[in-house]
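If you want the building blocks of each chain, they are given just below.
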Amino acid sequence: MEKGQYTIFSEQSLKNFEFNSSDATVAATDFLRDKKNFRPFDEGLTELLQKAGFRGDIANVYDKTDFLMEKLQTINSNITRKTVLSWFDGKRRPKIEPASRQKIYEICFALNLNFDQVTWFFNHVYFDRTFNCHSVAEVVYYFAFLKNISYDDAIKIIAEIEAAPAQDNFDGGVYTRLIKNRVDSIETVDELKKFLIEQKKNFSAWNKSALEKIQNLFIKIVGDEKKCKDIVKKLKRTVEKNIPGEFSFSEDEINRCGLLLRYICYRARAEKNIGGKYSADEIYDAISGRNIFSKEFVLDNFLGGILFGINREFNVPYVLKNNFPAKKILSDVLDENKASVSKSYDAIRKTLILFQFYKFWYEVALGDVDFLDAKEIEELPEIYFDEINGELNECGYESLFSGNPYDWLFMCSAQSKDPEDPTNFSYATEFFSEIVFNLTDDFADE
């Protein structure tokens, strides 16, 4: 694919996708499995080199390696020639994890990139958050790229801030967005150092906005256990008494429970068209012997029982399966002590997207929204995109990007339509679950 065409290609892939096709989930699965559909790291890095003035043979990995190594040596980077060569020949890519972020920053400084180029490289090639402004070092990098400050000077600024004694003004942590807004108004290095030294203790915790949203979404999905555990017990007893058959239950009580249980009951009634009664068999199969307030129960319903993520053996792009929501990831993200200092922004962002997706479409299916005339039904995908992108931006994360295979999965699912019933508002979640099942059904060819 020609340089610079991946974003256009990924956007067109969704515009031209045949959502009404009976084999749409198969087509979506095939698209995600084809790694050529998403920008490989070596091609993105090559494009970056061209932005930075490389005029050699773009097909020659050794020319590109020599160019980048020469630049890296000017900032005394420890990145090895072997590593750089493995990037350009496509054998490896930097992992989306904290240890690799420093390498990405060093590349950006070495190539003397401007702020927009850094943002593009992180978001469209490396596929991770550009700046975590609850890290002193990354706040300094943010300021450095805004003000065209060298890597060497940035390192000196960081060292001075870290060496300075912390002031006793801890207020439980501040929000990334507020830090960025404050740094945007700072004009000099001395102002920056003064601000960051004053705030040093507040950098002991971060991810505050995202953590609050994820925890609130989880409670909304499973329900407040203290408030609805007695209703759940009553429902389970009623279900067991009426197998096989149908039963009546207070809709008001069910509506006081979490979205997931409400959705299960909705399906147990809607699918049978019972008219006010629920299928005891279906609800029994879904909740009997299960802790409906657990992470395992959520994953089982969202991802078809995939509790341990998408293993590396599966033929799926690395960017999609890395940090794919799993039992361990959810445990860490929902653990306030761990999540508040986690540098795994990819895992946090992916969890936020997953929870917000199900929350939105469950509420639509359950009628918890004040719209849905004919025009608004057609606009549901755009309403969803506005909502999730607003949540992501508020937490300091990038909007959904079709060039990211994880994001593409949700963007495609949100636009899917039941070929037999266009008013089936459950279809987006069904479509998503089927693609996840398809992706993990067959092992990659070795």
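Every value quoted in this text rests on a predicted model; they were computed, and no experiment measured them.

### Re the layout of surface pockets
Then, in step 1: Reported here for the largest pocket is a volume of approximately 510 Å³.
Then, in step 2: Considering every element that reaches the lining of the largest pocket, the biggest residue donor is helix H18 (residues 318–321), with 3 residues.
Then, in step 3: Looking at the lining of the largest pocket, its residues break down into 10 nonpolar, 1 polar and 9 charged.
Then, in step 4: Volume-wise, the second largest pocket comes out at about 430 Å³.
Then, in step 5: Tyr263, Arg267, Asn301, Tyr362 and Ser433 are the residues nearest the centre of the second largest pocket, which is lined by 17 residues in total.
Then, in step 6: Those elements giving two or more residues to the lining of the second largest pocket turn out to be helix H15 (259–270), helix H16 (280–287), helix H17 (295–303), helix H21 (345–366) and helix H25 (427–439).
Then, in step 7: Examining the composition of the lining of the second largest pocket, we find that 5 residues originate from one element, H15, more than from any other.
Then, in step 8: Across the lining of the second largest pocket, the residue classes tally to 8 nonpolar, 4 polar and 5 charged.

### Some remarks on helix H3 (residues 41–51)
Then, in step 1: By the criterion of burial, H3 is predominantly enclosed, with 8 of the 11 residues buried.
Then, in step 2: Listing the buried residues of H3 in full gives Phe41, Asp42, Gly44, Leu45, Thr46, Glu47, Leu48 and Leu49.
Then, in step 3: Following H3 by one or two positions, glycine 53 adopts a phi angle in the positive range, close to 105 degrees.

### Thoughts on the state of the cysteines
Then, in step 1: Considering all chains together, one arrives at 0 disulfides under this definition.
Then, in step 2: Here cysteine 228 is not disulfide-linked; the sulfur of cysteine 257 is the nearest cysteine sulfur, at 4.4 Å.
Then, in step 3: On the basis of relative accessibility, which here comes to 0%, the residue cysteine 228 falls in the buried class.

What counts and what doesn't
Residues numbered from 1 in each chain as written. Predicted model: local features only at pLDDT ≥ 70, side-chain atom pairs only at ≥ 80, totals over all residues. Heavy atoms only, no water. 1 Å grid on protein atoms, 1.4 Å probe; cavity = no way out; pocket = protein on both sides within 12 Å on 5 of 7 lines; lining within 4 Å. Points joined across faces, edges and corners; volume = space filled by probe spheres on them. Helix = DSSP H or I, 4+ residues; strand = E, 2+ residues; numbered from the N terminus. Nonpolar A, V, L, I, M, F, W, Y, C, P; charged D, E, K, R; others polar. Buried < 20%, exposed > 50% of the residue type's maximum accessible area, 1.4 Å probe, protein only. Disulfide = S-S within 2.5 Å.

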